[in-house]
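Commentary on secondary and tertiary structure
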Amino acid sequence: MSTDVRPTDTTPTSGDMRAAMGIFASGVTIVTGIDSDGPVGFACQSFASVSLEPPLILFCADHGGRSWPRIQKTGRFCVNVLGEAQSELCARFGSSRGTRFEGLDWELSRWGAPSLPGVMLRVHCEVEDVHVAGDHDVVIGRVRELEYDGYERPMIFYRGAFGTDFDERAQSHHDATPASMLTWGDGIRWG
């Protein structure tokens, strides 16, 4: 019996990856920064804690995005963690159209990045390292300050939509999404 049997290539397509990885529910953030052209930000659900000592976090940003290259040049950013009632804020920063900061009441933090109003948590960081990984950058940030004020229900991204009412969620990826959930359109880039 030969032990040198190689399985048939079953590399998933980008559509397969989107459908499968959508099963992993995650929180939703807005990563913000500011440069000489003004404030910039994007919706991001690829966010995690990396290390407690030193305090490090990570997020992933699409190479094709418009916001991340501007933030990267400044070296500073703020991760704004959204609560479940912040669907308007999520839609504003998740859309590829429109001015994200127009008419928005935001403040510049002492770390030099926009702090968004009413978010659950703000993580103020400096870029520690960036690793290219396929069509994204994995950004490691050194945490300089944390701001949070109690706890509430988080905004969740699950199977291509935002919300927390998953009992109503259709079982198949191709089934309709409940109208109560904010949907994430195809072609929208993170970063």
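Look up a bit, the structure's there.
Report on the accompanying structure. What you see is a predicted model; the values in this text were computed from it and never measured. (Residues numbered from 1 in each chain as written. Predicted model: local features only at pLDDT ≥ 70, side-chain atom pairs only at ≥ 80, totals over all residues. Heavy atoms only, no water.)

**Here we look at the overall build of the protein**
Definition in use: Comment: elements are numbered from the N terminus, with helices defined as DSSP H or I runs of at least four residues and strands as E runs of at least two. Exposed residues in this analysis have more than 50% of their type's maximum accessible area, buried residues have under 20%, and partly exposed residues fall in between, with area computed by a 1.4 Å probe over protein chains only. Note on contacts: a residue pair qualifies if any of its non-hydrogen atoms lie within 4.5 Å across the two residues. Note on areas: these come from Shrake-Rupley sampling with a 1.4 Å probe, and a residue is covered only by the protein chains present in the view.
When helices and strands are counted, the protein shows three helices and 13 strands. Looking at the protein residue by residue over its 191 residues, the buried ones come to 39%. Sequence-distant contacts in the protein: of pairs separated by 6 or more residues, those separated by 24 or more amount to 62%. Put simply, the protein shows about 11200 Å² of open surface, and 51% of that area lies on carbon and sulfur atoms.

**Considerations on unusual backbone geometry**
Residue Glu-53 is joined to Pro-54 through a cis peptide bond whose omega torsion reads 0°. Relative to the helices and strands, Pro-54 resides in the loop between β4 (47–51) and β5 (56–62).

**Section: the sheet that holds strand β3 (residues 38–44)**
Pairing between sheet strands relies on hydrogen bonds along the backbone, with the strands arranged either parallel or antiparallel. Cut-off, in case you're wondering: Two strands pair under a simple rule: DSSP has to find at least two bridges between them. For helices, the fitted line uses only the C-alpha atoms of the stretch in contact; every axis is such a line through C-alpha atoms, and the angle between N-to-C directions lies from 0 to 180 degrees.
Reading across the sheet, the seven strands line up as β3-β2-β6-β9-β10-β5-β4 and stay open at both edges, with antiparallel pairing between neighbours. With partners counted over all chains shown, the strands left at the sheet margins are β3 and β4, one partner each. Across the sheet, the mean angle from the axis of one strand to that of its neighbour is 35°, orientation sign disregarded. In this sheet, β3 lies alongside strand β2 (residues 29–35) in antiparallel orientation, the contact comprising seven bridges. Within β3, the position partnered with Ile-34 by the bridge is Pro-39. Where helix α2 (residues 67–74) meets the sheet, it contacts β2, β3, β5, β6 (76–81), β9 (121–133) and β10 (136–148), and its direction lies at approximately 120° from that of β3.

**Here we look at the pattern of salt bridges**
Convention followed: Salt bridges are identified by distance alone: a Lys or Arg side-chain nitrogen within 4 Å of an Asp or Glu carboxyl oxygen.
Applying the stated criterion to the full structure yields seven salt bridges. Between Glu-88 and Arg-92 there is a salt bridge; the shortest N-O distance is 3.3 Å. Taken together, the residues Glu-88 and Arg-92, both in helix α3 (residues 87–94) and four residues apart, mark about one turn of the helix. The exposure class assigned to Glu-88 is partly exposed, which follows from its relative accessible area of 48%. Arg-142 is the partner of Glu-128 in a salt bridge, and the nearest nitrogen-oxygen pair spans 2.9 Å. Residue Glu-128 is located in strand β9, and its partner Arg-142 is located in strand β10; the two are separated by 14 residues in the primary sequence. Under the relative-accessibility criterion, Glu-128 is labelled partly exposed at 39%.

**Observations concerning the packing of aromatic side chains**
Note the following rule: Pairing of aromatic rings covers Phe, Tyr and Trp, the last counted by its six-membered ring, and requires centre-to-centre distances within 6.5 Å; plane angles under 30 degrees mean stacked, over 60 mean edge-to-face, and any other angle means tilted.
One pass over the full model with this rule turns up five aromatic pairs. Between Phe-59 and Phe-77, the aromatic rings sit 5.1 Å apart at their centres with planes inclined by 80°, giving edge-to-face as the arrangement. Of this pair, Phe-59 sits in strand β5 while Phe-77 sits in strand β6, and the two are 18 residues apart along the sequence. Phe-77 carries the same exposure label as Phe-59, and that label is buried. Between Phe-93 and Phe-101, the aromatic rings sit 5.2 Å apart at their centres with planes inclined by 85°, giving edge-to-face as the arrangement. Pair check on accessibility: Phe-93 and Phe-101 agree, each one buried. Ring-pair connections join several aromatic residues into one group, and the members of that group are Phe-42, Phe-59, Trp-68 and Phe-77.

All we've got here are geometric facts, nothing functional implied.
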